[in-house]
Amino acid sequence: MENMERREFISTGTAGAVAGAALLGGALAARAQETPSADDVNVALVGCGSQGRVLLNSMLKIPGVKFKAVCDIWPYRQTYASRYLGKFDHDVEVYSDYREMLEKEKDIDAVVCASPDLFHAPITVAALEAGKAVYCEKNMSNTIEGAREMVEAMKRTGKLCQIGHQRRSNPRYLHAMKLHNEDNIFGRLMFSNAQWNRGVSEPNTIKEKYHMSKEDLQKWGFNSMHELLNWRWFKKFGGGPICDLGAHQIDILNWFFGSNPVSLVASGGKDYYKEYEWEDNAMAIYEYETDKGMARAFYQVLTTTSSLGFLERFMGTEATLAISEIPRWNQFYREVTAPVWDDYKIKGLLTKEGDEGPAAADTKVDVRMSPAPEKWEIPVSNDKPLHMYHLENFFSAIRDGTALNCPADVAFPTAVTVLKVNEAIAANERLVFTEKDFTV
């Protein structure tokens, strides 16, 4: 996240408008709609911070999405969101309290929640009970109890609730899942290692003239602007880097293995950022009992090096998949002892990198080494903002009854799988899961 001191893009004059346009200028060329339609979905955005702005920018590119309200406890962010939306002819009401918003804005169809994790459950539950569909960012909640309340509210009200694990709507990931489930591309999938590595960064700050009053901060549980701007690092509001970053990829582990883990060991610590509460580096090992036997996964989140960024690797007896939202990591590696892949290339499922076809395997290698695997590419590109696919799925569900790709009951086991890492680190012991842990 950028330092807020360098993001003073909003003010009461023209300069703020110009700077706001520069930040998300790509959206200015893609208005969501010109005239109101009966098919418009009226939306309220709750939480206008960095992630809220990412979602806002994606939604502006989706036809038929009409913003009616924005809600944030901080006037600075309220001003940004309302003025920016005004550039696209969205006349919005502004609120500090989501409860007041839900009480007054009766014509809202959907609430998009990008608040700190602590508030995910109360906002989502209140919105569902008010009859609204909800798109809530991951991690689902900062507590398992909060995540469970969200699932119960979705079931009780019958309203849609999508959780923002956006890889589940990503065309490249969906294509890889087809290769896995329908074409058995891995043979037996046995291992995974995944990571999100992020380099050292300074705390978010902003000039004092933009600060909230201490009274207004304390109303929402914050002791200072430092806590508000860096809430992910504080135990009251979030779950640390394993929830902020790791939740995306640990969700993919469960998805690809087709099951929930049966055990977990983890290690981590406050190795660098002494002013924060959560561990800045964490490593976890999960065991999965799949239909084909035991599988294991290693995951790490580091905040002191950016080496290799973020990606997942899935390794089977016949192939390895490296996949990421970063395009350069998306490749298949085929074991030379596996069946030939000519048919896959013909069907367009995979593309051989730098060659017209697979070369003959040279099995005469040093006994300490394996033959170099063939390298293939996934012929699927993403031509939209990464969150847009998942949001499109959400709005399609509202309009057309399309099945959600990640409803709250599907996301709940991921919330458990992620949050238990912090528990395992604190306990310094192996945790064993039962099906009851993942059931609502």
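Since we're looking at a predicted model, the values are computed, not measured.

A few words now on the pattern of salt bridges. Opposite charge on two side chains makes pairing possible when the charged atoms of those side chains draw close. One pass over the structure, following the stated rule, counts 18 salt bridges. The partner of Arg167 in a salt bridge is Glu325, with the nearest N and O atoms 3.4 Å apart. Taken as a pair, Arg167 in the loop between strand S6 (161-163) and helix H7 (171-181) and Glu325 in the loop between strand S12 (319-323) and strand S13 (331-334) lie far apart in primary sequence, 158 residues in all. The exposure class assigned to Glu325 is buried, which follows from its relative accessible area of 10%. For Lys178, the salt bridge is made with Glu182, and the minimal N-O distance between the two is 3.6 Å. The exposure class of Lys178 is partly exposed, given its relative accessible area of 29%. Judged by its relative accessible area of 61%, Glu182 is exposed. Each of Lys138, Arg198, Arg232 and Asp244 takes part in salt bridges that share partners, so that together they form one network.

Tallying each qualifying case throughout the model produces 1 cavity of 30 Å³ or more. Forming the boundary of the largest cavity are Gly239, Gly240, Pro241, Ile242, Glu279, Ala282, Asn422 and Ile425. Elements that contribute at least two residues to the lining of the largest cavity include exactly helix H10 (241-244) and helix H14 (408-427). Tallied by class, the residues present in the lining of the largest cavity amount to 4 nonpolar, 3 polar and 1 charged.

Running from amino to carboxyl end, helix H6 (residues 144-157) crosses H14 at an angle of 175°, the nearest separation of the two axes being 10 Å. Considering their axes alone, H6 and H14 lie roughly antiparallel with respect to each other. In this structure, H6 uses Ile144, Ala147, Arg148, Val151 and Met154 to contact H14, whose residues at the interface are Ala408, Asp409, Phe412, Ala415, Val416, Leu419 and Lys420. Taken together, the residues that form the contact of H6 with H14 break down as 9 nonpolar, no polar and 3 charged.

Time to look at unusual backbone geometry. Following Lys138, the chain continues into Asn139 via a peptide bond in cis, with omega recorded as -15°. Secondary-structure assignment places Asn139 in the loop between strand S5 (133-136) and H6. One non-glycine residue, Asn184, adopts positive backbone phi at about 50°. Residue placement: Asn184 occurs in the loop between H7 and strand S7 (189-197). Phi at Leu308 is positive, roughly 65°, even though this residue is not glycine. As for its position among the elements, Leu308 is in the loop between strand S10 (293-302) and strand S11 (310-316). Using a relative accessible area of 42% as the deciding quantity, one classes Leu308 as partly exposed.

Basis of the calculations
Residues numbered from 1 in each chain as written. Predicted model: local features only at pLDDT ≥ 70, side-chain atom pairs only at ≥ 80, totals over all residues. Heavy atoms only, no water. Salt bridge = Lys/Arg side-chain N within 4 Å of Asp/Glu carboxyl O. Helix = DSSP H or I, 4+ residues; strand = E, 2+ residues; numbered from the N terminus. Buried < 20%, exposed > 50% of the residue type's maximum accessible area, 1.4 Å probe, protein only. 1 Å grid on protein atoms, 1.4 Å probe; cavity = no way out; pocket = protein on both sides within 12 Å on 5 of 7 lines; lining within 4 Å. Points joined across faces, edges and corners; volume = space filled by probe spheres on them. Nonpolar A, V, L, I, M, F, W, Y, C, P; charged D, E, K, R; others polar. Axes fitted to C-alpha atoms, helices over the stretch in contact; angles between N-to-C directions. Parallel < 35°, antiparallel > 145°, perpendicular 65-115°, else oblique. Contact = heavy atoms within 4.5 Å.

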